[in-house]
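Chain residues, written in single-letter form:
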Amino acid sequence: MDPTTQSAQISSSQGFADGHNSAAKESKFSVKDLIHWRDPKKSGLVFGLSLLLLLSLAAFSVISVVSYLLLALLCVTITFRIYKSVVQAVQKSNEGHPFKTLIDKDVSIPPETFRKHVDASLTYINRALKQMSHLFLVEDLVDSLKLAVVMWLLTYVGAVFNGITILILADILLFAVPPIYEKNKTQIDHYINLARTQVNSTIAKLQEKLPGAMKRSKTE
């Protein structure tokens, strides 16, 4: 093969590979990119839809919200189907079903993909069960006391807010805090380190006041 032709083919293949990799990178838009508003349009759309869904759940029941969403989707698809049928009848064309591409698309989940996600979920479930055993069986008294304090504080939170209200606040904070943290990272990290030092100091003092058996189990 001519060296010039071979070089051109290599350059072409490299260009195709680079283009494919760049397209793959653009398609992988992670949750981190969403909450950091890397693409304001996508982040705004996700934030608006999630907030609208939570506000709907706050005003209506879950069954009503799901029913309205599915009804709206059906109205759109049925209207589009009728519109395309009328257009085909008027133009005397034979384009077929307007959703034929989507109908022919394979939407089944491969067994390998399902097993992979189940295995990944099982890892997190086992880790959570181990942590629950550690906390509720008081393997470490300080950690169990921390959980007790958090649960006690959550009883007051639950008396003021219901679950949907907490989810709405969490959704707003999820999209509001990361940009603020990026702009004021130095100051926020400074105060976080001060708070962490104070908490660690308090925990150390608490551990010193524990009975000798508790302290020995802690050191072990």
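All values reported here derive from a predicted model rather than from experimental measurement.

### Re the UniProt feature "transmembrane region" (unreviewed entry) in the protein chain
The positions UniProt marks with the feature "transmembrane region" (unreviewed entry) are residues 45–71 and 149–177. Counting secondary structure, residues 45–71 comes out at 93% helix and 0% strand; the distance between its end C-alpha atoms is 21 Å. The span residues 149–177 is 93% helical and 0% strand by assignment, and the distance between its end C-alpha atoms comes to 25 Å.

### Comments concerning the packing of aromatic side chains
If you walk through the whole model with that rule in mind, you get six aromatic pairs. Seen in terms of ring centroids, W152 and Y156 are 5.2 Å apart; in terms of plane orientation they differ by 85°. Their pairing is edge-to-face. Residue W152 and its partner Y156 are both found in helix α7 (residues 141–160); the two are separated by four residues, about one turn of the helix. On the basis of relative accessible area, Y156 is assigned to the exposed category, the value being 52%. Ring-pair connections join several aromatic residues into one group, and the members of that group are W37, F47 and F175.

### Here's the deal with a nonpolar patch on the surface
Taken together, V150, M151, L154, V157, V160, F161, I166 and L169 make up a surface patch of nonpolar side chains, about 640 Å² in accessible area. For the nonpolar patch, the secondary structure elements donating two or more residues are α7 and α8 (163–183). Of all the elements, α7 adds the most residues to the nonpolar patch, at five residues. By the secondary structure assignment, M151 is in helix α7. Looking at M151, the relative accessible area reads 43%, which means it is partly exposed.

### A word on α8
Taking 1.5 Å per residue, 21 residues should reach 30 Å; α8 reaches 31 Å between its end C-alpha atoms and fits that length. Taken together, the buried positions of α8 are I168, D171, F175, P178 and P179.

### Here we look at the packing of helix α3 (residues 40–59) against helix α4 (residues 62–91)
Direction vectors running N to C along α3 and α4 enclose 130°, while the axes themselves pass 8 Å from each other. On the basis of the axis angle, α3 is oblique to α4. In the packing of α3 onto α4, the handedness of the crossing is right-handed. Taken together, the residues of α4 that come into contact with α3 (itself represented by L53, S56 and L57) are V62, V65 and L69. Taken together, the residues of the contact of α3 with α4 sort by class into five nonpolar, one polar and no charged.

### A word on the pattern of salt bridges
Enumeration according to the criterion identifies six salt bridges in this entry. With a closest N to O distance of 3.1 Å, E182 and R38 form a salt bridge. With E182 in helix α8 and R38 in the loop between α2 (31–35) and α3, the pair connects residues that are 144 residues apart, well separated along the chain. The exposure class assigned to E182 is partly exposed, which follows from its relative accessible area of 38%. Two residues, K100 and D104, come together in a salt bridge whose shortest N-O distance is 2.9 Å. Of the two residues, K100 and D104 both sit in helix α5 (residues 100–104), four residues apart, roughly one turn of that helix. Overlapping salt bridges, with partners in common, bring together D33, R38 and E182 in one network.

### Some remarks on α4
With 30 residues, α4 extends 44 Å between its outermost C-alpha atoms, agreeing within 8% with the 44 Å of an ideal straight helix rising 1.5 Å per residue. At the C-terminal side of α4, K92 shows a positive phi close to 55°.

The rules we used
Residues numbered from 1 in each chain as written. Predicted model: local features only at pLDDT ≥ 70, side-chain atom pairs only at ≥ 80, totals over all residues. Heavy atoms only, no water. UniProt positions renumbered as here; feature names shortened; annotations may be inferred. Helix = DSSP H or I, 4+ residues; strand = E, 2+ residues; numbered from the N terminus. Phe/Tyr/Trp six-rings, centres within 6.5 Å; stacked < 30°, edge-to-face > 60°. Buried < 20%, exposed > 50% of the residue type's maximum accessible area, 1.4 Å probe, protein only. Patch = residues over 30% accessible without salt bridge, like charges linked within 9 Å, V, L, I, M, F, W, Y side chains within 5 Å. Areas by Shrake-Rupley, 256 points an atom, 1.4 Å probe, with all protein chains shown as cover. Salt bridge = Lys/Arg side-chain N within 4 Å of Asp/Glu carboxyl O. Expected span 1.5 Å × (residues − 1). Axes fitted to C-alpha atoms, helices over the stretch in contact; angles between N-to-C directions. Parallel < 35°, antiparallel > 145°, perpendicular 65-115°, else oblique. Left-handed = near helix turned anticlockwise from the far one by under 90°. Contact = heavy atoms within 4.5 Å. Nonpolar A, V, L, I, M, F, W, Y, C, P; charged D, E, K, R; others polar.

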